[in-house]
Amino acid sequence: MSVTTMTGYRKDVVLLCVVVFVYGSLPNTCAAIFSSRGVEGSDTNEIEAINFLREYDKEASTMCTRFMEASWDFNTNVTETNRRKMLLRQMEWSEFHRNKWKQATTFAWKNFTNPLVRRMFSFVTVLGKAALPKEKLQELSELVQDMKTTYSTAKICKYDSTQRRLPNGDYDYYADFDAEDNEIGCVPTLSLEPEVTQIMARSRDPEELRYVWRAWREAAGKPLRHKYIRFVQLANEAARLNGFEDAGAYWRSDYETDDLHKELQELWDVLRPLYEHLHAYVRKKLREKYGEKVVPRSGPIPAHLLGNMWAQTWTHTQDLTIPYPGRTSVDVTASLLRQGYMPLHMFRLAEEFFTSLGLDPMPLGFWQKSLIVKPTDREVVCHASAWDFCNGIDYRIKQCTRVTTEDLITIHHEMGHIQYDIQYRNQPFIFRDGANPGFHEAVGDVLALSASTPHHLQSIGLLENVDDSYETDINFLFTMALDKIAFLPFGYLVDLWRWEVFSGKTGELSLNRRWWELRLSLQGVSPPLPRDEDDFDPGAKFHIPANVPYIRYFISFIVQFQFHAELCKAAGHVGPLHHCDIYRSHKAGTLLRNVLSLGKSRPWTEALLILTSGKTSKLDVKPILEYFAPLIAWLKSQNRGEFVGWRVSEAIVQPVRTSNASVITGVILAIVAVVFFVVVIVAVVRKIRGTGKALHAVTQGS
């Protein structure tokens, strides 16, 4: 994830900090396209407008850098003092932006002659969250930071298989961790990174996995529910003040596409059969390991068994699912450890791939200021992210790096963000952004497609005895699919859920229910324990409390294969697309530089035209299907006789159970209630009888 703000690459908090312009750097072109969004006034003086942008350049860069420094301090040292400083800088930047927005909207910019000037104004005249009244903007900023802090500092207790047992021997997943309410109280000590993540990846005990899965959601997601409801209200109010129907529409405007919903649906419909075949094969292998009582024959896969807290990638199931055990594997974790690799060495290895293409090395300050190992003396936000400090000089990565294959790929991803930042640093500042958010996410992954091939890993000494057999090919493609294909429905559904919440289609009383409807229908995974509206499982994923749009990742997983196909052609590759390694190809590097250096000065459709030599300006799934073609055929052969797809009705969900102490308490309360009820009835009957006798006596007296 690239961060030019605290909330991710979108610049949601910095509020379009890259709205600066140096007139002398404008190319002489009339090809740029600008959006009609944004407010305009009546001043038609284009020279004054350009002077305004030039002045904005000097001031906004400094303001943005101040905020980024305060944000970095908080993210790398989570304290209340740093939080207050960050919020102060954020409010200063928001006030600055509001004042400049008032100036920008005095110009009748939609009729200016220079299309690039019009494009710049189309960005700077959308105020974003700063459109909110000051008190509500402060509330919104604090809400997001509170949610991020809750998530980032959440901890859970260790799984203890000897305690918390029910009379039937099952583990009590619903026992409280508070010593005041539970005689087996504990002190939560396990953070998401690295402890909880490692348990989810390595454990093969379904009870432990089920416990950790539930405990994380209890600690990180559930406390955020009410705050998130208020966040949605404020985010929608800000979007409407900017002329959008809701916050989802505001987010989608980044893609400058008329009907993003429809386009994404069409892409997913084409890719879904490949995902379903992968799902069916993995489900079969997990059923062989855990049995049909744990994994259904034709139902969704229980989410806790897929090696990842969110079941978004399945790479950690390789030991159970790899097609040809004993053949070459691209999991080089053991090799990294055996050769004594440390996080710094892994970062240098990634940098060398970029420079081999003729791209830029990381600047000296990057190595001096980045945080690449989790500190032991303070709380940090461990979610990996790349940071551009808005001055064309200072770039950093924050990552709690582990020596694993997965983290090596993550390093390439984050360094790809930095490389993109560096390549467009000479653009006018307002255009120092990705062509669209998905482009920014794709760059590092494109290089990782080459860096993870068996022959490349052999060339850098991380693999030995690589053969060119069919079995090795299938193993490699299968491993890639556990990452790239398994992710697709999750990458698609996260923002489908948020867009529905923003629009009101999903209401406050069905937030968790709708989340699981989407996960069941699109992803084919089920919760291992019953969930209800007291839970808030979306909040247990970083991007929800951090307010980072997620559809960028779905788009990036498609566009990176388009990039890969074109870069391979530039490199002169001949043969199957999945064999391509662009390492040391300056021609591929030049093509990549030409696209990245555009930044946001052109719509992303024009960037695709440049990349594909004019062939297409649309997202295209053909390259990803070409890449995985041998695996598709293999999976179809392996799934003969297997149900492909899933029946939601066959999901295996554990029944609700309560602790032994709770059962005893419930029985006692029930007995007390019955006794009380009997006493009340007896008293009423006696009163009625007494009243009857009195009436009889009165009647006789009369």
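Note: the structure precedes this text.
Residues numbered from 1 in each chain as written. Predicted model: local features only at pLDDT ≥ 70, side-chain atom pairs only at ≥ 80, totals over all residues. Heavy atoms only, no water.

Engineer: If you had to explain the pattern of salt bridges to someone new, which residues and values would you point to?
Structural biologist: One pass over the structure, following the stated rule, counts 42 salt bridges. As a salt-bridge pair, E139 and R230 come within 2.8 Å of each other at their nearest N and O atoms. A residue pair is termed long-range when its members are at least 10 positions apart, and E139 in helix α4 (residues 134–152) and R230 in helix α7 (residues 225–241) qualify at 91 residues. Residue E139 is classed as partly exposed on the basis of its relative accessible area of 29%. For the salt bridge of R402 with E406, the shortest nitrogen-to-oxygen distance reads 3.7 Å. (Salt bridge = Lys/Arg side-chain N within 4 Å of Asp/Glu carboxyl O. Helix = DSSP H or I, 4+ residues; strand = E, 2+ residues; numbered from the N terminus. Buried < 20%, exposed > 50% of the residue type's maximum accessible area, 1.4 Å probe, protein only.)

Engineer: Residue-level account of the state of the cysteines, with values.
Structural biologist: Following the criterion strictly, the structure yields three disulfides and no others. Each disulfide pairs two cysteine sulfurs, and for C64 the partner residue is C390, the sulfurs being separated by 1.9 Å. Within this pair, whereas C64 is found in helix α1 (residues 46–75), its partner C390 is found in the loop between β5 (385–388) and β6 (395–398), the two being separated by 326 residues in sequence. On the basis of relative accessibility, which here comes to 0%, the residue C64 falls in the buried class. We classify C390 as buried; its relative accessible area is 2%. Here C382 connects covalently by a disulfide to C400, the sulfurs 2.0 Å from one another. With the S-S bond torsion at -85 degrees, the cross-link from C382 to C400 turns out left-handed. (Disulfide = S-S within 2.5 Å.)

Engineer: With reference to specific residues and values, describe the side chain of K398.
Structural biologist: Tracing the backbone through its elements, the reader meets K398 in strand β6. Buried charge K398 goes without a salt bridge, the closest partner of opposite sign being E414 at 8.5 Å. There is a polar contact of 2.5 Å between the side chain of K398 and the backbone oxygen of H383. K398 has contacts with W72, N75, T76, L371, V381, C382, H383, A384, S385 and W387, leaving out every residue within four places of it along the chain. (Lys, Arg positive; Asp, Glu negative; His and termini not counted. Polar contact = N/O pair within 3.5 Å; in protein donor to acceptor, adjacent residues only side chain to side chain. Contact = heavy atoms within 4.5 Å.)

Engineer: Give me the lowdown on the environment of G340, citing residues and values where you can.
Structural biologist: Position of G340 relative to the elements: it lies in the loop between α11 (333–338) and α12 (343–356). With relative accessibility at 38%, the residue G340 sits in the partly exposed group. Distance in space between the C-alpha atoms of G340 and V403 is 9.3 Å, their sequence separation being 63 residues.

Engineer: Kindly report on helix α21 (residues 604–611), identifying the contributing residues and their values.
Structural biologist: The complete set of buried residues in α21 reads W604, E606, A607, L608 and L611. Of the surrounding secondary structure, the elements contacted by the buried residues of α21 are α9 (260–290), α15 (437–451), α19 (551–570) and α20 (586–596). The first or second residue beyond α21 is S613, which carries a positive phi of 55 degrees.

Engineer: Hey, could you go over the pairing of β6 for me, with residue numbers and the actual values?
Structural biologist: What you see with β6 is no split at all: Y395 and I397 on one side and R396 and K398 on the other are buried throughout. With four bridges joining them, β5 and β6 adopt antiparallel strand pairing. From the neighbouring strand, W387 faces β6, where its bridge partner is R396. What sits between β5 and β6 in their antiparallel hairpin is a turn of six residues, with C390 showing a positive phi close to 70 degrees. (Pairing = 2+ DSSP bridges.)

Engineer: If you had to explain α1 to someone new, which residues and values would you point to?
Structural biologist: For α1, which comprises 30 residues, the first-to-last C-alpha distance of 41 Å matches the rise-based estimate of 44 Å (1.5 Å per residue) to within 8%. In α1, a bend of some 30 degrees at D57 exceeds every other bend along the element. Taking the backbone nitrogen of I47 as reference, a side-chain oxygen 3.1 Å away marks N45 as the first, capping residue of α1. (Expected span 1.5 Å × (residues − 1). Bend = angle between axes of the 7 residues up to and from the residue.)

Engineer: Which residues make up the environment of I397, and what values go with them?
Structural biologist: For I397, the position within the fold is in strand β6. The spacing of I397 and F366 is 31 residues in sequence and 7.6 Å in space, taken between C-alpha atoms.

Engineer: Which residues make up the environment of M200, and what are the values?
Structural biologist: With respect to the helices and strands, the residue M200 is situated in helix α5 (residues 192–202). The exposure class of M200 is buried, given its relative accessible area of 2%. Sequence separation of M200 and N308 is 108 residues, and the distance between their C-alpha atoms is 5.6 Å. Leave out the neighbours within four places in its chain, and M200 touches L209, V212, W213, H304, G307, N308 and M309.

Engineer: Mind laying out a negative patch on the surface, listing which residues take part and the relevant values?
Structural biologist: Together, D258, D259, E266 and D269 make up a region of like negative charge exposed at the surface. Mapped onto the elements, E266 comes out in helix α9. Given a relative accessible area of 44%, E266 falls into the partly exposed group. (Patch = residues over 30% accessible without salt bridge, like charges linked within 9 Å, V, L, I, M, F, W, Y side chains within 5 Å. Areas by Shrake-Rupley, 256 points an atom, 1.4 Å probe, with all protein chains shown as cover. Charge placed at Lys NZ, Arg CZ, Asp CG, Glu CD.)

Engineer: A description of unusual backbone geometry should follow, citing residues and the corresponding values.
Structural biologist: Going from E193 to P194, the amide bond is cis rather than trans, its omega being 5 degrees. Structurally, P194 can be placed in helix α5. A positive phi angle, near 55 degrees, is found at A311, a position not held by glycine. Tracing the chain through its elements places A311 in the loop between β4 (301–302) and α10 (318–321). Here the phi dihedral of S613 falls at roughly 55 degrees; this positive angle occurs in a residue that is not glycine. For S613, the position within the fold is in the loop between α21 and α22 (622–627). By relative accessible area, S613 is classed as exposed at 65%.

Engineer: How would you explain the packing of aromatic side chains if you had to name every residue and give the values?
Structural biologist: On inspection of all chains with the given rule, the structure shows 46 aromatic pairs. Here the aromatic rings of W213 and W516 are separated by 6.0 Å at their centres, their planes lie at 45 degrees, and the arrangement is tilted. Taken as a pair, W213 in helix α6 (residues 206–221) and W516 in helix α18 (residues 511–523) lie far apart in primary sequence, 303 residues in all. Between Y228 and W497, the ring centres sit 6.0 Å apart and the planes meet at 25 degrees, which makes this aromatic pair stacked. Of this pair, Y228 sits in helix α7 while W497 is found in helix α17 (residues 470–503), placing the two residues 269 residues apart along the sequence. The residues Y228 and W497 share a single accessibility class, namely buried. An aromatic cluster is built from Y228, F231, W251, F487, F490, W497, F502, W515, F536, Y550, Y553 and F557, whose rings are joined through pairwise contacts. Lying across the ring of W367, R348 places its NZ or CZ 3.7 Å from the centre. Between K541 and the ring centre of W310, over which it is positioned, the NZ or CZ distance is 4.2 Å. (Phe/Tyr/Trp six-rings, centres within 6.5 Å; stacked < 30°, edge-to-face > 60°. Lys NZ or Arg CZ within 6 Å of the ring centre and 35° of its normal.)

Engineer: Report on the packing of α19 against α20, specifying residues and quantitative values.
Structural biologist: Taken N-terminus to C-terminus, the directions of α19 and α20 make an angle of 135 degrees; their axes are 7 Å apart at the nearest point. In terms of their interaxial angle, α19 and α20 are classed as oblique. Between α19 and α20 lies a crossing whose hand is right-handed. Note on element contacts: α20 touches α19 through K587, A588, L591, L592 and V595, opposite F563, E566, L567 and A570. In terms of residue class, the contact of α19 with α20 is built from seven nonpolar, no polar and two charged. (Axes fitted to C-alpha atoms, helices over the stretch in contact; angles between N-to-C directions. Parallel < 35°, antiparallel > 145°, perpendicular 65-115°, else oblique. Left-handed = near helix turned anticlockwise from the far one by under 90°. Nonpolar A, V, L, I, M, F, W, Y, C, P; charged D, E, K, R; others polar.)

It is worth stressing that arrangement in space is one thing and function is another; only the former is reported here.
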